[in-house]
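Breakdown of the fold
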Amino acid sequence: MNRFEEVPKVTDPHASGTAARSAPQGANWLERMFKLTEHNTTVRTEVIAGLTTFLTMAYIIFVNPSILGDAGMPKGAVFVATCLIAALGTLIMGLYANYPIAMAPGMGLNAYFAYVVVLGMGYTWQVALGAVFISGCLFLVVTVTGLRELFIRGIPQSLRTAITVGIGMFLALIALKSAGVVAASPATFVTLGDLHSAPVVLATLGFLVIVALDRLKVRGAILIGILLVTVLSFFFGGNKFHGVFDAPPSIAPTFMQLDIMGALKGGILNVVLVFFLVEMFDATGTLMGVAKRAGLLVPGKMERMNKALLADSGAIFAGSLLGTSSTTAYVESAAGVQAGGRTGLTAVVVAGLFLACLMISPLAGSVPAYATAPALLFVGCLMLRDLVELDWEDTTEVIPAAVTALAMPFTYSIANGLAFGFITYAVLKLFTGRAREVHAMVWVIAAIFLFKFAYIGGH
């Protein structure tokens, strides 16, 4: 879902000329495994790139337990699952696909998992994990069979763009609620919260710091913002400090706790469909975008796209076994590419750093929801930039996209946004005599959602 503008291929001074060819003898096995010389890079450059990528996405180890914890999942176990699946998925991406792309539980899908499927629709988190597992299996099947191309070509660009924008707006609403900036109102549904409260003030400060640091190109801007608000919460928010380092909590409360049969019996076809569609577009869009920045498209295509998608789909159902929502490729990997990362060694470094994070569980447990809210709001704001890709002159394209994006936050459901968007798109094309422009896949998905609303009901 995340896309990148065209930028010049980045050249790192440490990866040029003879530098890439003068690797020490001990690095020979790394050369053979990752083809460093072929990609015009060095071990040092790849390590720096891995550290850069990690700093830009390490916020997930604090944000994911906070979000899934709201769904009743044990935060300690989720923290461990997040670190483990980020390390495992990224390691597979690096060793199997040899791409400098990191993976972790996806933003947006974790919010859908917690606030819609569990809290909104009333399913247990175990059943929700079962739905994630099934979606991962479907993703694997369409990748292995080559059906992925059919899905990607079948969904119009306007709706794919709308999914990104809608999830961004959904994340922004969750962030404002967690920070206390917006509150419930019986008269107007939502209203302004108490702007004098410590959570609102600290979250606002954290958000502004993140934006400023990002603009100044400070690595780890989001992570710095979260840690700053957390530290200030000990002095002004009544939060308690529990230390930084300790042995990791037990993963037993979430490990292998998924309920696959419950997901199959629960009539949550639309939930599985949402997980699957968002995973598909998120993974493909991010992989292509990061590979483009790294100059790894030959010609215009990823040579090892299937391997990358297999790593992605494998991480999804492995994550459901460990106890976390859908895993996906992270757009923050572009930061590492910008620092010169070109091979899977970058990803291996990121994986090692995520494993090291297992020892900071006390710190993760001390991070309040209003400290992660600025990160959610910042990510959500950035996702709105895809609006420029819409063709605003064609109402049969832009109106379904707008409906999709608006319905997600206003119905508090990514599923409803997708449903309204697909149905609107198909009907408008039909009513304007342009039905032939609609791919068969759109008709199928629209029919599934329409059937769900007509005979099962909406959530």
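Everything below is about the structure printed above this text.
Per chain, the residues get numbers from 1 upward, laid out in the order the sequence is written. A pLDDT threshold of at least 70 governs which residues receive local features in this predicted model, and a stricter bar of 80 or more applies before side-chain atom pairs are shown or counted, although totals over entire chains, interfaces and linings include all residues. Side-chain figures throughout are based on the complete set of non-hydrogen atoms in the structure, without hydrogens or water.

Attention shifts here to the packing of helix 8 (residues 157–179) against helix 18 (residues 395–410). Helix axes are fitted to C-alpha atoms over the stretch in contact, other axes to C-alpha atoms as well, and angles between N-to-C directions run from 0 to 180 degrees. Put simply, DSSP marks the helices as runs of H or I at least four residues long and the strands as runs of E at least two long, and each gets a number from the N terminus on. Here helix 8 crosses helix 18 at 25°, and the two axes come no closer than 7 Å. Accordingly, the angle class assigned to the pair helix 8 and helix 18 is roughly parallel. Helix 8 and helix 18 meet at a crossing whose hand is right-handed. Touching Ser158, Leu159, Ala162, Ile163, Val165, Gly166, Ile167, Met169, Phe170 and Leu173 of helix 8 are Glu397, Pro400, Ala401, Thr404, Ala405, Leu406, Met408 and Pro409, all from helix 18. Working definition: roughly parallel below 35 degrees, roughly antiparallel above 145 degrees, roughly perpendicular at 65 to 115 degrees, and oblique for all remaining angles. Each crossing gets its handedness from the near helix: less than a right angle anticlockwise from the far helix is left-handed, clockwise is right-handed. It only takes one pair of heavy atoms within 4.5 Å for two residues to be counted as in contact.

Here the focus is unusual backbone geometry. Phi is positive for Lys35, close to 55°, though the residue is something other than glycine. Position of Lys35 relative to the elements: it lies in the loop between helix 1 (28–34) and helix 2 (43–57). Residue class for Lys35 comes out partly exposed when judged on its relative accessible area of 39%. The phi angle at Lys217 is positive, at roughly 60°, despite the residue not being glycine. Within the secondary structure, Lys217 is located in the loop between helix 9 (198–215) and helix 10 (221–236). Only protein chains enter the accessibility calculation, which uses a 1.4 Å probe; a residue is then buried when its area is under 20% of its type maximum, exposed when over 50%, and partly exposed in between. Residue Lys217 is classed as exposed on the basis of its relative accessible area of 73%.

Turning next to a nonpolar patch on the surface. Patch members must show over 30% relative accessible area and no salt bridge, and they are joined within 9 Å when carrying like charges or within 5 Å when they are nonpolar side chains of Val, Leu, Ile, Met, Phe, Trp or Tyr. Note on areas: Shrake-Rupley, 1.4 Å probe, and residue coverage restricted to the protein chains presented here. A pairing counts as a salt bridge when a side-chain nitrogen of Lys or Arg comes within 4 Å of a carboxyl oxygen of Asp or Glu. A cluster of nonpolar residues, Trp29, Met33, Leu91 and Leu95, forms a patch on the protein surface that exposes about 370 Å² of accessible area. Elements that contribute at least two residues to the nonpolar patch include exactly helix 1 and helix 4 (75–97).

Turning our attention to the packing of aromatic side chains. Side-chain rings of Phe, Tyr and Trp, where Trp is taken by its six-membered ring, are said to pair if the distance between their centres is within 6.5 Å; with planes under 30 degrees apart they count as stacked, over 60 as edge-to-face, and otherwise as tilted. Applying the stated criterion to the full structure yields six aromatic pairs. Their ring planes at 80° and their centres at 5.2 Å tell us that Phe54 and Phe354 sit as a pair that is edge-to-face. Of the two residues, Phe54 sits in helix 2 while Phe354 sits in helix 15 (residues 344–356), which places them 300 residues apart along the sequence. Exposure remark for Phe54: the relative accessible area of 8% places this residue in the buried category.

What follows concerns helix 18. A rise of 1.5 Å per residue sets the reference length of helix 18, with its 16 residues, at 22 Å; its end C-alpha atoms lie 21 Å apart and thus fit the reference within 8%. For helix 18, the full list of buried residues reads Thr396, Glu397, Val398, Pro400, Ala401, Thr404, Ala405, Ala407, Met408 and Pro409. Looking at the packing, one finds that the buried side of helix 18 touches helix 8 and helix 19 (414–431). The first or second residue beyond helix 18 is Tyr412, which carries a positive phi of 55°. The span expected for a helix works out to 1.5 Å for each residue beyond the first.

Our next topic: helix 2. Helix length check: helix 2 (15 residues) gives 21 Å between terminal C-alpha atoms against 21 Å at 1.5 Å per residue, within 8%. Residues of helix 2 that are buried include every one of Thr45, Glu46, Ala49, Gly50, Thr52, Thr53, Phe54, Thr56 and Met57, and no others.

Two strands pair when backbone bridges link them, and strand 2 (residues 182–185) and strand 3 (residues 189–192) are joined in this way by four bridges, in the antiparallel orientation. Paired with Val182 across the strands is Leu192, a residue of strand 3. As consecutive antiparallel partners, strand 2 and strand 3 are separated by three residues. Any two strands with at least two DSSP bridges between them are considered paired.

Take Glu46: it is sitting in helix 2. Buried and without a salt bridge, Glu46 has Arg342 as its closest oppositely charged side chain, separated by 6.5 Å. Reaching out from Glu46, the side chain makes a polar contact with the side chain of Thr346 at a distance of 2.7 Å. Discounting residues that sit within four places of it in the chain, Glu46 has contacts with Leu36, Thr41, Gly340, Gly341, Arg342, Thr343, Leu345, Thr346 and Val349. The convention is simple: Lys and Arg are positive, Asp and Glu are negative, and His and the chain ends are not counted. Polar contacts, as used here, are pairs of N or O atoms within 3.5 Å; protein pairs need one atom able to donate a hydrogen and one able to accept it. Residues neighboring in sequence count only if both atoms are side-chain atoms.

Before going further, it helps to spend a moment on the environment of Leu228. Residue placement: Leu228 occurs in helix 10. Along the primary structure Leu228 and Val209 are separated by 19 residues, whereas in three dimensions their C-alpha atoms are 8.9 Å apart.

This paragraph deals with the environment of Ala308. With respect to the helices and strands, Ala308 occurs in helix 13 (residues 305–322). Counting along the chain gives 165 residues from Ala308 to Thr143, while the straight-line C-alpha distance between them is 9.9 Å. Setting aside anything within four residues of it in sequence, one finds Ala308 in contact with Met93, Ala97, Tyr99 and Leu287.

Looking now at the pattern of salt bridges. For the coordinates displayed, the defined rule picks out four salt bridges. Glu397 serves as the salt-bridge partner of Lys429, at 3.0 Å between the closest nitrogen and oxygen. Here the residue Lys429 occupies a position in helix 19, and Glu397 occupies one in helix 18, the gap between them amounting to 32 residues. Each member of the pair Lys429 and Glu397 is classed as buried. One salt bridge connects Lys429 with Glu437, and the closest N-O pair in it is separated by 3.0 Å. Taking the relative accessible area as the measure of exposure, Lys429 reaches 0% and is therefore buried.

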